[in-house]
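Notes for the structure review
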Amino acid sequence: MNIKGISSLLIVSFAVAAVSCRENNIGPRPVQVKVMQSSATAVDGIRNYSGTTNSAVSTNLSFGIPGIVKKVHVSEGQKVKKGDRLAEIDDVSYKSAYTTAKSMLDQAQDAYDRLKVLHDKQALADIKWVEIESKLTQAKSMLDVAEKELSNCRITAPINGTISVCNIEEGQYCVPASTAFTIIDPDNMLCTFSVPEKEINLFQKGMEAKVVIPSIDNSVIRGTVSKVGTSADMLTHTYEIGVQIQGQPGVMRPGMICKIAVKLQSNAGRINSPIVLPSSVIMLDYDNTHYVWVAQGDTVAVRRNIEIGKAVSDGITIEGGLDGSENIITDGILKVSEGCRIVICE
């Protein structure tokens, strides 16, 4: 075959291939999807949070003076009444100081009584009388100090409650301000949780709440908001909320995980109502980025990164990434990709 014949054959082959490609280049078929509007949704005034149980009344106790622990009368978990003696340190030196101060006061008082007679008869110089009065005052002050230090050798319960923490043992050396005991009131519990600064103004004292404690058979306990934080945590920039509930002594303990549903006021629940999407339409990328598929112009699928918020009864609140005008793809999200054609089905 000559060169001219080969060239003719190649031209014919290319023409056939081009025609074949034009005939088969029909493109992928559009994906059928369903969508929903991303408008703001009122959440019926209910907000759900996770928190922990704590005693509403918690008192830390410590010795007011240093010394060696002589006796510990209670242990963790023990119930106590106001005025019960909890522990004491070795008071030998403090008793001696008290006895000395008492003796000095008696001596100063005796001198005062004896010389007062002379002073009343103007038989004692005024400067001497001022000295006698000063010694008596000093002796009374020294006795007060010695008496206070002697009383600080003992720790007594300031309230009725339960010993939740006992940090001391007999023979241990204790220093002032070091917590020896913590007393709580198990009948008066508080469920605490944190909220971001954008939500703190939605809370007021007296709001109704329901608390569920999974470790206690998912029992539902009614309560009211009794604490609304006034200063933010320096690290998390969140505010603490407390819900007052009736405790269950022997069953409910501080530190238990709980779920709290707070009923906001009728108007507060709709202030800046968030966008709420079903959790099924929210995707998670390999880098922990959350995103949804948006129907752009109702003909093309586009990925939109979002910031998620709290879980509510209707789904997940959206904190950023959407403005409320988008059509979010709900069905067919596993079949679409960036820029693919779509057809919206009713």
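Thresholds, definitions, all that
Residues numbered from 1 in each chain as written. Predicted model: local features only at pLDDT ≥ 70, side-chain atom pairs only at ≥ 80, totals over all residues. Heavy atoms only, no water. pLDDT = per-residue confidence, 0-100. Helix = DSSP H or I, 4+ residues; strand = E, 2+ residues; numbered from the N terminus. Contact = heavy atoms within 4.5 Å. Phe/Tyr/Trp six-rings, centres within 6.5 Å; stacked < 30°, edge-to-face > 60°. Buried < 20%, exposed > 50% of the residue type's maximum accessible area, 1.4 Å probe, protein only. Lys NZ or Arg CZ within 6 Å of the ring centre and 35° of its normal. Axes fitted to C-alpha atoms, helices over the stretch in contact; angles between N-to-C directions. Parallel < 35°, antiparallel > 145°, perpendicular 65-115°, else oblique. Left-handed = near helix turned anticlockwise from the far one by under 90°. Nonpolar A, V, L, I, M, F, W, Y, C, P; charged D, E, K, R; others polar. Salt bridge = Lys/Arg side-chain N within 4 Å of Asp/Glu carboxyl O.

Let us look at the confidence of the model for the protein. Per-residue confidence for the protein averages 83 on the pLDDT scale, and 86% of its residues sit at or above 70. The secondary structure element of the protein with the lowest average pLDDT is helix H1 (residues 3-24), at 40, and the one with the highest is strand S6 (residues 85-89), at 94. Within the model, the stretch residues 1-25 combines pLDDT values under 50 with 1 contact to residues more than four positions away or in other chains. Confidence over residues 266-271 falls short of pLDDT 50; this stretch has 8 contacts with residues more than four positions distant or in other chains.

In this structure the tally under the stated criterion is 5 aromatic pairs. With a centroid separation of 4.8 Å and an interplanar angle of 20°, the aromatic rings of Tyr-49 and Phe-193 are classed as stacked. Taken together, the positions of Tyr-49 in strand S2 (residues 46-55) and Phe-193 in strand S11 (residues 188-196) put the pair 144 residues apart, joining distant regions of the chain. The exposure class assigned to Tyr-49 is buried, which follows from its relative accessible area of 4%. Ring centres of Tyr-291 and Trp-293 lie 6.0 Å apart, and the angle between their planes is 90°; this geometry places the pair in the edge-to-face category. Judged by relative accessible area, which is 11%, Tyr-291 ranks as buried. Aromatic ring contacts, followed pair by pair, group Tyr-49, Phe-193 and Phe-203 into a single cluster. The side chain of Arg-303 reaches across the aromatic face of Tyr-291, ending 4.0 Å from its centre.

Secondary-structure assignment places Asp-91 in the loop between S6 and helix H2 (92-120). Accessibility expressed as a relative area gives 10% for Asp-91, which makes it buried. Contact partners of Asp-91, with chain neighbours within four places excluded, come to Lys-70, Leu-150 and Cys-153.

Once that is clear, we can look at the packing of H2 against helix H3 (residues 126-151). Where H2 contacts H3, the axes come no closer than 8 Å and their chain directions differ by 155°. In this view, H2 runs roughly antiparallel relative to H3, as classed from their interaxial angle. Crossing geometry of H2 relative to H3 is assigned as left-handed. Class assignment for the residues of the contact of H2 with H3 results in 18 nonpolar, 2 polar and 9 charged.

Right, let's get into the pattern of salt bridges. Evaluated as defined, the whole model comprises 11 salt bridges. In this structure, Lys-71 engages Glu-170 in a salt bridge whose closest nitrogen and oxygen atoms are separated by 3.8 Å. Of the two residues, Lys-71 sits in strand S4 (residues 67-72) while Glu-170 sits in the loop between strand S8 (161-166) and strand S9 (173-174), which places them 99 residues apart along the sequence. For Lys-71, a relative accessible area of 39% translates into the label partly exposed.

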